[in-house]
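For reference, the chains in residue letters:
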Amino acid sequence: MSNLKLLDCDMHVHGPNSGGVSKNMSIPLMAEQAQLKGLHVLATGDCLNKEWLVHLKNSLIESNGTFSFKDSEIQFILSTEISDLHNVHQLCYFPDFASVDLFREKLIQQKVKLDGKGFGRPWVRIGAEKLAETVIDECKGLIGPAHGFTPYFGVFAHFNSVQQCFGSMASEIKFMELGLSADSDIADLIESNHSLQYFSCSDAHSAWSDKLGREFMRIRMTEGSLNELKKVLDLKGERRIETNIGLDAREGKYHCTACSECFAKYSLDQALKLKMKCMQCGKSIKRGVRDLALQLHNPESKSKPEYRAEYVRSIPLAEIIKIAFKAENAHSKKVQTVWRNFVEEFKSEIAILLDVPIENLIQKNPEVGKKIQAFRNNWVLFMAGGGGNYGVPIICDSLKELEQKKKELKNKLDCHSELQAQKILTEF
Ligand SMILES: [Zn+2]
Ligand SMILES: [Zn+2]
Ligand SMILES: [Zn+2]
C-alpha cells in the first residue's frame, strides 16, 4: 500500500469557548503553528459549540472526508471532548458536519447546554455507554477516554477499567488517551488496557509551541480523516500508530502521590497510613498515576501487547531554549524569537528535535544546540511532579554533570524518596 505516509497528529485541543483557553485560538492560527511545529493532522476540538462550529464551517474546506484550511497542508478532524455523567472526560471524533449536527440535535433534545463561552467542552448527564451508542452507532464517530489517569476527570478516577466504564459498548472502544502524567509502560501495567491503542495528545489550551503538539502521535495512514483513523484503530493493512511522542511521565502534574497543597511526595503506603492527610501541612494527599496503575497491576500479566507503539520521550523546543538561556518563561520574547529563527531555518520543531544533524544546530546557536544534543543523548533528569505540580526537567551538558546532579538531587527526583527518611508520625 504505497500511499501510506507517516503523519504527525495531535488529536486533542480546545477552541476559545472552553474554560481557560486563549481567546485568539482560531483555525488560521492553529494551522500556522501546527505547520511550524511540523504536525500534519490536528483535531478541531469543541465542535459541538455553536460559535466554534460556525467558525469551523466557515474556515474548513471539505474534500472526500478530509478537512483543510485554505492552502495549508494541515488536515483537521472534527472533534470534541465531553464530560459525562460520572465526570469522565471522553474524546469524540466525527466523519463530517452532518454527524456533528445530528449529535448536537440529540444533545439539545436532552437539554444539554452546548453554546456560549465556557461550554466548549459540554457537561452531559449521560453515561458513557449511552454516549458511545449515540456517537458510534448513530453518528458514525469514535469515542474513548481522554487523559485516562487524571484525578477527578480520568476514567480510572471512577472505574477500574475502561471496559467497566462503557458497559455493553466496551468492545467498541478502541483507544484511550494517556494524558501527560502517564506513558505506555505505566498504562500497560493494567492488563485490561492491552486491548486499547494509546493516544498521545497535547490537550492544548493555546497555540503556543510548547502547548500545541507537546504530545503527539506518528501514525502510518494515507490521510488525516476519520475514516483512516478508524482503519488505524482496526490495524487495517499496514496502518498503525507508529510512535507515541510525549513528555516524560515524570513531568506530569499527577505522576507521583503527593500533597495537593505543599506538594510533599509520599509512597502510597505512607499516604494510606496517614489517611491521605499531609504530615507537613494537613491538606489532602492525591494518589499519583504511577501508584494507581501499580494498584491495578496483575504481576502475572504480559508486559504489553505486540502491536503497542514505541513511546518516545520529548521536551518542547521552547522549553529547551528556556532552559538554555535560563529564561523565566517559554513564552518570553527572547525564547520565542530564537524558537522562530530555528523553525524557520530548519523547517519544523519536530525535525529539529529528532532529525536535523546536531552540528548544524550547534553552528546556529551553540547554547541551544548543545542542549538539544543533551536531550537527544538523554542526559535529562526530572524532579517528578505530583499533587497538581508539574515535574521539572533538568538537562545536563555531559554525562559527568548528569551523575553529579543525580547525587545532589537524590531525594528530590523520584516519586516518594523525599520523605522516605522521615518516620511517619503514626508509627510512633
Ligand atoms: Zn479533559
Ligand atoms: Zn481537554
Ligand atoms: Zn502538604
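Residues numbered from 1 in each chain as written. Chains lettered and ligands numbered in written order. Predicted model: local features only at pLDDT ≥ 70, side-chain atom pairs only at ≥ 80, totals over all residues. Heavy atoms only, no water.

Caption draft 1: Region of interest: the overall build of the chain. If you tally the helices and strands in the chain, you get 17 helices and 16 strands. Here the chain has a C-alpha radius of gyration of 22 Å; the compact-globule value for 428 residues is 22 Å, and the two agree. Overall size of the chain, expressed as C-alpha extent along the three principal axes, is 60 × 55 × 40 Å. Here the chain, with 428 residues, has 57% of them falling under the buried criterion. (Helix = DSSP H or I, 4+ residues; strand = E, 2+ residues; numbered from the N terminus. Rg over C-alpha atoms; globule rule 2.2 N^0.38 Å. Buried < 20%, exposed > 50% of the residue type's maximum accessible area, 1.4 Å probe, protein only.)

Caption draft 2: Geometry of the domain arrangement of the chain. Split by domain assignment, the chain resolves into domain 1 (5-250) and domain 2 (317-384 + 391-413). For domain 1 and domain 2, the distance between their C-alpha centres works out to 29 Å. Facing 16 residues of domain 1, the contacting portion of domain 2 comprises 16 residues. The contact between domain 1 and domain 2 buries some 1400 Å² in all, and 61% of this surface belongs to carbon and sulfur atoms. Three residues stand out in domain 1 for area buried against domain 2, namely Leu36, Trp208 and Arg250, and they jointly supply 43% of the buried area on that side. Counting across the domain 1 and domain 2 interface gives two salt bridges. Glu32 serves as the salt-bridge partner of Arg340, at 3.5 Å between the closest nitrogen and oxygen. Between the two partners, domain 1 and domain 2, sit six residue pairs in polar contact (both at pLDDT 80 or more). (Domains from an automatic or database assignment. Contact = heavy atoms within 4.5 Å. Buried area = accessible area lost by both parts, 1.4 Å probe. Salt bridge = Lys/Arg side-chain N within 4 Å of Asp/Glu carboxyl O. Polar contact = N/O pair within 3.5 Å; in protein donor to acceptor, adjacent residues only side chain to side chain.)

Caption draft 3: Structural view of the packing of helix α11 (residues 317-324) against helix α15 (residues 366-376). Running from N to C, α11 and α15 cross one another at 120°; their axes reach a closest spacing of 9 Å. Judged by the angle between their axes, α11 and α15 are oblique. Like other packed secondary-structure pairs, α11 and α15 cross with a definite hand, here right-handed. Of the residues in α15, those in contact with Leu317, Ile320, Ile321, Ile323 and Ala324 of α11 are Glu367, Val368, Lys371, Ile372 and Phe375. (Axes fitted to C-alpha atoms, helices over the stretch in contact; angles between N-to-C directions. Parallel < 35°, antiparallel > 145°, perpendicular 65-115°, else oblique. Left-handed = near helix turned anticlockwise from the far one by under 90°.)

Caption draft 4: Expanded view of the state of the cysteines. Using the criterion set out here, one finds one disulfide in the structure. Across a sulfur-sulfur distance of 2.2 Å, Cys256 and Cys415 are joined as a disulfide pair. Residues Cys256 and Cys415 are joined by a disulfide whose S-S torsion is about -80°; by sign, that bridge is left-handed. Of this pair, Cys256 sits in the loop between β11 (240-246) and β12 (258-259) while Cys415 sits in the segment after α17 (410-413); the two residues are 159 residues apart in sequence, bridging distant segments of the chain. For Cys256, a relative accessible area of 1% gives the class buried. (Disulfide = S-S within 2.5 Å.)

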